[in-house]
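Here are the chains, one letter per residue:
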Amino acid sequence: PPARAAADSAWQKESFVREAVTAARLEHPNIVPVHDLKETEEGAPLLVMKRLEGRPWSEVLDEDRLSLPEADFLARHLGVLVAVSRAVAFAHGQGVIHRDLKPAQVVLGSFGEVTLLDWGLAASFGPSPQGDWIAPPVSSAVNPAGTPSYMAPEQARSDPEGLGPWTDVYLLGGILWYLAAGVRPHEGPGLTEI
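Residues numbered from 1 in each chain as written. Predicted model: local features only at pLDDT ≥ 70, side-chain atom pairs only at ≥ 80, totals over all residues. Heavy atoms only, no water.

Chemist: Would you mind showing me how to read helix 2 (residues 57-67) here?
Modeler: Note that an α-helix has 3.6 residues per turn; residues three or four places apart therefore point the same way. Those residues of helix 2 lying buried are W57, V60, L61 and D64. For helix 2, the arc enclosing every buried residue in end-on projection is 105°, short of the 170-degree limit, so these residues lie on one face. Each element contacted by the buried residues of helix 2 is listed here: strand 3 (55-56), helix 3 (70-93), strand 5 (106-108) and helix 4 (165-181). (Buried < 20%, exposed > 50% of the residue type's maximum accessible area, 1.4 Å probe, protein only. Helix = DSSP H or I, 4+ residues; strand = E, 2+ residues; numbered from the N terminus. Arc of directions from axis to C-beta. Contact = heavy atoms within 4.5 Å.)

Put into structure tokens, the structure is as follows:
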């Protein structure tokens, strides 16, 4: 129905703006910079962010796993994980959790740049040093949410109250597991099994 489509569109616009503002407030070398947020003449949000050149970390991981000796593979990719961890630690210091950390959310540049993307599931867990956040508080965050093959146990529940910085730490540990073992932390033939 048209009323539902309008409500969905409004919700999508609100979510997009919330993600853009959250990312814009997280100024860190390993978080994608947001320069401006405007509206088009039609009223759609328009995000101006740094143009990133590079490749998704997930693609590079898959290629390197096949072509590099294990020690070289780990030496290269543990450094990327450390950079992502620094971005996450900064966000936590600002009172924000990411909730969807995985290699596909990271872009690797040609000159060693590591950039964490996609703050669409971000939630605030405490007061921000910069004032009020536009990211929803953990208590009102949509849950379950995240990528099932990496999700922390508290992300699979309908109640979001168990979410916090430890959720992102679990996700970073899941990425480390993937680097070391070559499989995602949660595998299965379908969503229920995962």
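Chemist: Explain the layout of surface pockets to me, please; I cannot follow it from the model alone.
Modeler: Rolled over the atoms, a probe sized like a water molecule indicates the empty space that remains. A volume near 220 Å³ is recorded for the largest pocket. Every residue lining the largest pocket is counted, 15 residues in all, and those nearest its centre are S15, R18, G120, P136 and V142. Looking at the second largest pocket, the residues that line it are E53, G54, R55, V60, R76, V80, L108, G109, S110, G112, E113 and V114. Grouping the amino acids of the lining of the second largest pocket by side-chain chemistry returns four nonpolar, four polar and four charged. (1 Å grid on protein atoms, 1.4 Å probe; cavity = no way out; pocket = protein on both sides within 12 Å on 5 of 7 lines; lining within 4 Å. Points joined across faces, edges and corners; volume = space filled by probe spheres on them. Nonpolar A, V, L, I, M, F, W, Y, C, P; charged D, E, K, R; others polar.)

Chemist: Just to check I follow, could you spell out the sheet that holds strand 5 for this structure?
Modeler: Sheets are built from strands that pair by backbone hydrogen bonding, the pairs being arranged parallel or antiparallel. Taken in spatial order, the three strands make up an open sheet running 3-5-6, and their pairing is antiparallel. Each edge of the sheet is formed by a strand with only one pairing partner; in this case those strands are strand 3 and strand 6 (114-116). Bridge count for strand 3 against strand 5 is two bridges, and the pairing is antiparallel. Bridging from a neighbouring strand, R55 pairs with L108 of strand 5. Packing of helix 3 onto the sheet brings it into contact with strand 5 and strand 6, and relative to strand 6 it is tilted by some 40°. (Pairing = 2+ DSSP bridges. Axes fitted to C-alpha atoms, helices over the stretch in contact; angles between N-to-C directions.)

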